[in-house]
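# Descriptive structure summary
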Amino acid sequence: MPQKLIAPSLLASDFANLQRDIEMINTSDADWFHVDIMDGLFVPNISLGMPVFKAITTHTKKFVDVHLMIVDPDRFVVEFAALGASSITVHYEACPHLHRTLQFIKQAGAKTGVALNPHTPVGVLKEVISMIDVVCMMSVNPGFGGQTFIENTYNKITELKELIRSTNASTLIEIDGGVTDENAHKLIKTGANVLVSGSFIFKSENPPETIKNLRSIINIKEQ
Ligand code: DX5
Ligand code: ZN
């Protein structure tokens, strides 16, 4: 049975009530926390840094998936791991020495993740796929929550699934951006394992119910 996980993105939470929103996820049907770190250079936005990340991990009781949208991420791998990152995802586009970066993440004791921008072909990961625990497939251009899902993502999932199968890797496929109840089932059916969802969950009237509904949608068996 392939893994099917839900990872609410804290980027869409209420930063003035972070503890409340973290507790909501702790007691919800969600599996992971997704934490977006943006530096204003790799992406045209700044989200949060170390002090806030440290405050977050004092309350999280589930797997913490850190998505680094920053240049030269090697500088911060050890610190994020020490502060409680369960997995650290770097961008392929920000890592000229990706093989070495993945080694750093492993040495720091975290699961390894690589994110691909929408324009980046899946094949660039061929030589390192066995070192990657999670590929984060961007289904929007990174930098902001609340954007529209890019349909070409389905083709990329199919290609990535084939790469993982043909190399006997055990990499999870994570989808990040514009995930809603409209596309969740098709994403899982195509081969996704982890669905990141920010605005759809946090801007809904009842976030725990929205998570529960997403869970039931991704668990629907094919007839
Ligand atoms: C975008 C971030 C996403 C974002 C997803 O750069 O990587 O994790 O929070 O938000 P939604 O689900 O609102 O598209
Ligand atoms: Zn993200």
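Worth saying up front: this structure is predicted, and the values here are computed from it rather than measured.

About the thresholds
- Residues numbered from 1 in each chain as written.
- Chains lettered and ligands numbered in written order.
- Predicted model: local features only at pLDDT ≥ 70, side-chain atom pairs only at ≥ 80, totals over all residues.
- Heavy atoms only, no water.
- Near = heavy atom within 4 Å.
- Polar contact = N/O pair within 3.5 Å; in protein donor to acceptor, adjacent residues only side chain to side chain.
- Areas by Shrake-Rupley, 256 points an atom, 1.4 Å probe, with all protein chains shown as cover.
- Helix = DSSP H or I, 4+ residues; strand = E, 2+ residues; numbered from the N terminus.
- Buried < 20%, exposed > 50% of the residue type's maximum accessible area, 1.4 Å probe, protein only.
- Contact = heavy atoms within 4.5 Å.
- Pairing = 2+ DSSP bridges.
- Axes fitted to C-alpha atoms, helices over the stretch in contact; angles between N-to-C directions.
- Donors = N, O, S within 2.8 Å, 3.2 Å for Na, K, Ca; no water.
- Tetrahedral: all angles 85-135°; square planar, octahedral: opposite > 155°, others 65-115°.
- Phe/Tyr/Trp six-rings, centres within 6.5 Å; stacked < 30°, edge-to-face > 60°.
- Lys NZ or Arg CZ within 6 Å of the ring centre and 35° of its normal.

For ligand 1, the set of nearby residues contains 20 residues, the closest of which are Gly143, Gly146, Asp176, Gly198 and Ser199. Here an oxygen atom of ligand 1 and a side-chain polar atom of aspartate 36 are 2.8 Å apart. One of the side-chain N or O atoms of histidine 67 is found 3.2 Å from an oxygen atom in ligand 1. Computed on the free molecule, ligand 1 has an accessible area of 390 Å², of which 98% lies beneath the protein chains in the complex. The set of elements that each furnish at least two residues to the shell around ligand 1 consists of β2 (32–38), β3 (63–69) and β8 (194–197). Broken down by element, the residue count for the shell around ligand 1 peaks at three residues, all from β2.

Relative to the helices and strands, serine 13 resides in the loop between β1 (5–8) and α1 (18–26). Exposure remark for serine 13: the relative accessible area of 8% places this residue in the buried category. Separated by 2.6 Å, the side chain of serine 13 and the backbone oxygen of leucine 10 make a polar contact. Excluding residues within four positions of it along the chain, serine 13 makes contact with Leu18, Asp21 and Phe202.

On to the sheet that holds strand β6 (residues 134–138). Within the open sheet, the eight strands sit side by side as β1-β8-β7-β6-β5-β4-β3-β2. Their pairing is parallel. Bordering the open sheet on either side are β1 and β2, each of which pairs with just one other strand. When strand polarity is set aside, the average angle formed by the axes of neighbouring strands in this sheet is 25°. In the sheet, β2 pairs with β3 via seven bridges, with the strands oriented parallel. Within β3, the position partnered with histidine 34 by the bridge is aspartate 65.

Our next topic: the coordination of the zinc ion (ligand 2). The coordination sphere of the zinc ion (ligand 2), as far as protein atoms go, consists of His34 (NE2), Asp36 (OD), His67 (ND1) and Asp176 (OD), spread over 2.1 to 2.3 Å. For the zinc ion (ligand 2), the six donor atoms in the first shell make angles of 71 to 171° at the metal, a pattern classed as octahedral. Donor residues binding the zinc ion (ligand 2) come from one chain and are separated in sequence as H-x1-D-x30-H-x108-D. Of this pair, histidine 67 sits in strand β3 while aspartate 176 sits in strand β7 (residues 172–176), and the two are 109 residues apart along the sequence. Judged by relative accessible area, which is 0%, histidine 67 ranks as buried.

For the rest of this paragraph, the subject is the environment of lysine 221. Looking at where lysine 221 falls in the secondary structure, it is placed in the segment after α8 (207–218). Separated by 36 residues in sequence, lysine 221 and histidine 185 place their C-alpha atoms 9.7 Å apart.

Turning our attention to the packing of aromatic side chains. The final tally for this structure, using the stated rule, is three aromatic pairs. Look at tryptophan 32 and phenylalanine 63: their rings are 4.3 Å apart centre to centre, the planes differ by 20°, and that puts the pair in the stacked class. Note that tryptophan 32 is positioned in strand β2 and phenylalanine 63 in strand β3, a separation of 31 residues in sequence. For phenylalanine 63, a relative accessible area of 24% puts it in the partly exposed group. Both rings, one in phenylalanine 53 and one in phenylalanine 80, keep their centres 5.2 Å apart while their planes meet at 70°; by these two values the pair is edge-to-face. In this pair, phenylalanine 53 is assigned in helix α2 (residues 50–57) and phenylalanine 80 in helix α3 (residues 77–82), connecting sequence segments 27 residues apart. As far as burial versus exposure is concerned, phenylalanine 53 and phenylalanine 80 are alike and both buried. The ring centre of tyrosine 154 lies 4.1 Å from the NZ or CZ of lysine 186, which sits over that ring.

Nothing here speaks to function; it is geometry throughout.
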